[in-house]
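Per-entry structural report
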Amino acid sequence: MTASVLKTSVKAKSPDFEKNHRRIIDLLTKIKNEEEQILQGGGAKAIESQHKKGRLTARERIAKLIDAGSQFFELGIFAAYEMYQEWGGAPSAGSITVLAKVCGRTLMLIANDATVKAGAFFPMTAKKVIRAQNIAIENHIPTIYLVDSAGVFLPLQEDVFPDTDDFGRVFRNNAVMSAMGIPQLAAIMGMCVAGGAYLPLMCDHILMTEGSGLFLAGPALVQAAIGQVTSAEDLGGAKMHSQISGTVDFREPDDDACIARIRALVDKMGAANPSPFSHVASREPLYPGDEIYGIFSSDPAKQYDMREIIARIVDASEFEEYRSEYGETVLCGYARIGGWAVGIVANQKKHVQTLARGSDQKRLEFGGVIYTESAEKAARFILDCNQNRIPLIFLHDVNGFMVGKDAEWSGIIRAGAKMVNAVANSVVPKITVICGGSFGAGNYAMCGKAYDPRFMFAWPTAKFAVMSGDAAANTLAEIKLKQLEREGKKVDEKARKEMLESVKATYEHQTDPRYAAARLWVDAIIDPAHTRDALISALEAAALNPEIREFKTGVLQT
């Protein structure tokens, strides 16, 4: 073994390993069961209704469209999870967004699920489609829209229509993508009405199946508005748009013919420009990925070595660690994943024995905490990756920055600002995986959602918020108790304990990765053992964008 190959000291039969393994398997089982329920969309009756119309469901369309035998990577499965319950819910926000291979090319597929409220746009539906478009824009991914939607869900129109991340942004993004030269193709395979009718018209190719409808206002609204009586087919059917309005490029008899035509068109697309990122043949890690289950500990009181996780993600378990003896609570280094060169920034969860800055006194640095030295190291490493055109991978399990007099005297704020600046201004692709905690400013420094990662994934063990559950619950409960005391109300010990438990339960629920995924704060909850696969999919997508703007940081605190 060369010096860059990570060695393992994992004891797979140890009680801690087995306990960690059981915990993650239990969490995964629960999430997979919930996923299976979400994948049913509007349920068996709604699926049967779609079939009676002679139409495939959105998932059936995608299965036929993608290359035979290929796997697709679905994003936003948990969008709108536990939301809109007063309206019967909206599984996966009534839409499906996937990265998939079509004719050998990576494409973004965006499909309305007509089994969920006729494919109507809830507030999170618009945000999910926009997120998929933004991924396509950032990575120059050709995009296919499978349109089957009744338009805006009117009871919630005030939250769907007017803002910058609402319905209208979809069409704005269509126009921007077209101007950027990102191919877009829309297939109308059901209803496409009102404002939603603009989406296909903003694309390069428009297909339409018999029995579908494309109009700004349906027959009932036309009659109410101008007194004109007309059928849906005469008003906006496939034959009319193909022969009279000239709106549709291809009229197809059914879904199968439409899908075949889409594949024929994709097959003629020109090749993407070469990627600027280093890529060689992929090599498997030396150690099995499912060992991550036993290595990782979500117990804040437990330690684990993040190098053991990295060894099960990177090619040949090779990791060129940068400044390995300095700022050890953040690991930085170069590796390859699926053949792609990457720079990895990861929180180390082992406590570190080191020397205090400027003295020969020993001190203990806590795992998962960013100290001045580790922030400075990470900032410099991120600058180097930008200089050398190397995509960045961030692996989170961070409590935040160190606090206290020693930390302040060492310039922790200045060092943290330097790291945040480097992350914010990075021009290479950034991909984030939240493994465990991601709290406070540590989330920002490690490229949280606000810092524009191209993709953001979470393990079932992920939690992110301003602070961890216990600390937050105690703080919030204390605020409530003081408020009651100011109002002259006495709270006994039993009521105090019940309040603390209630606040803690609410806070823990809000830090759950499903809560985050419901609001699209993460793109997908992934199986830890499949982290490598998810990163390879993300890197392949990121490589489609050959443009890297000039790297500038502005003022860096030194």
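Residues numbered from 1 in each chain as written. Predicted model: local features only at pLDDT ≥ 70, side-chain atom pairs only at ≥ 80, totals over all residues. Heavy atoms only, no water.

Moving on, we get to the pattern of salt bridges. A pair can form between side chains of opposite charge whenever their charged atoms are brought close. Scanning the model with the defined rule gives 28 salt bridges in all. The partner of D255 in a salt bridge is R61, and the shortest N-O contact between them spans 2.9 Å. Pair noted here: D255 is in helix α10 (residues 255-267) and R61 is in helix α3 (residues 58-65), with a separation of 194 residues, a long-range link. On the basis of relative accessible area, R61 is assigned to the buried category, the value being 1%. Measuring nitrogen to oxygen at the nearest pair gives 2.9 Å for the salt bridge that ties D67 to R263. Here D67 is found in the loop between α3 and β1 (73-75), whereas its partner R263 is found in helix α10, with 196 residues between them in sequence. A relative accessible area of 16% means that D67 is categorised as buried. By relative accessible area, which is 26% here, R263 ends up partly exposed. Shared partners join several salt bridges into a network, and the residues in it are E34, D512 and R514. (Salt bridge = Lys/Arg side-chain N within 4 Å of Asp/Glu carboxyl O. Helix = DSSP H or I, 4+ residues; strand = E, 2+ residues; numbered from the N terminus. Buried < 20%, exposed > 50% of the residue type's maximum accessible area, 1.4 Å probe, protein only.)

Viewed as axis vectors pointing N to C, α3 and α10 meet at an angle of 40°, and their least axial separation amounts to 10 Å. If you check the angle between α3 and α10, you find them oblique. In this structure, the crossing between α3 and α10 has a hand that is right-handed. Each of R61, K64 and L65 in α3 lies in contact with α10, whose residues at this interface are D255, D256, I259, I262 and R263. (Axes fitted to C-alpha atoms, helices over the stretch in contact; angles between N-to-C directions. Parallel < 35°, antiparallel > 145°, perpendicular 65-115°, else oblique. Left-handed = near helix turned anticlockwise from the far one by under 90°. Contact = heavy atoms within 4.5 Å.)

What follows deals with the pairing of strand β13 (residues 362-365). Sheet analysis places strand β12 (residues 352-355) next to β13, joined by four bridges and oriented antiparallel. Among the inter-strand pairings, Q353 is bridged to a residue of β13, identified as L364. (Pairing = 2+ DSSP bridges.)

Tracing the sequence through the fold places S278 in the loop between α10 and α11 (292-295). Residue classification places S278 among the partly exposed positions, given a relative accessible area of 34%. In this structure the C-alpha to C-alpha distance between S278 and F161, which are 117 residues apart in sequence, comes to 43 Å. With near-sequence residues (within four places) excluded, S278 lies in contact with R336, G339, W340 and A341.

The next thing to look at is the packing of helix α13 (residues 372-387) against helix α15 (residues 412-425). Helices that pack against each other are described as a pair by the angle of their axes relative to one another and the distance between those axes. With their axes 8 Å apart at the nearest point, α13 and α15 run at an angle of 25° to one another. If you check the angle between α13 and α15, you find them roughly parallel. Of the two elements, α13 crosses α15, and the hand of that crossing is left-handed. In this structure, α13 contributes T372, A375, E376, A378, A379, I382 and L383 to the contact, and α15 contributes I412, A415, G416, K418, M419, A422 and V423. Among the residues making up the contact of α13 with α15, the classes are represented as ten nonpolar, two polar and two charged. (Nonpolar A, V, L, I, M, F, W, Y, C, P; charged D, E, K, R; others polar.)

If you look at the biggest cluster of nonpolar residues, it comprises 77 residues, and the most contacted ones within it are I310, I344 and F457. Ignoring sequence-local partners within four residues, the contact set of I344 consists of I310, V314, F319, L331, C332, G333, A335, F381, I393 and L395. (Core = buried A, V, L, I, M, F, W, Y, C linked by side-chain atoms within 4.5 Å.)

Scanning the entire structure with this criterion turns up 16 aromatic pairs. Here the aromatic rings of W87 and F153 are separated by 5.5 Å at their centres, their planes lie at 80°, and the arrangement is edge-to-face. Placement of the pair is W87 in the loop between β1 and β2 (95-102) and F153 in the loop between β4 (143-149) and α5 (167-179), with a sequence separation of 66 residues. Taken together, the ring pairs connect Y84, W87, F122 and F153 into an aromatic cluster. (Phe/Tyr/Trp six-rings, centres within 6.5 Å; stacked < 30°, edge-to-face > 60°.)

Moving on, we come to the pairing of β4. On a regular strand, one side chain projects to one face of the sheet and the next to the other, so that they alternate. For β4, the tally of buried residues reaches seven of seven residues, placing the bulk of the element in the interior. The alternating pattern of β4 places T143, Y145, V147 and S149 on one face and I144, L146 and D148 on the opposite face, and all of these are buried. By the bridge criterion, four bridges tie strand β3 (residues 105-112) to β4 in an arrangement that is parallel. The partner of M108 across the bridge, within β4, is T143. On the question of chirality, the crossover connecting β3 to the parallel β4 by way of helix α4 (residues 123-139) is right-handed. Two elements, β4 and strand β5 (residues 184-193), share six bridges in a ladder whose sense is parallel. Bridging from a neighbouring strand, I144 pairs with L185 of β5. With α5 bridging β4 and its parallel neighbour β5, the resulting β-α-β unit is right-handed. (Right-handed = clockwise from strand over helix to strand, strands pointing away.)

Structural measurements only, silent on function.
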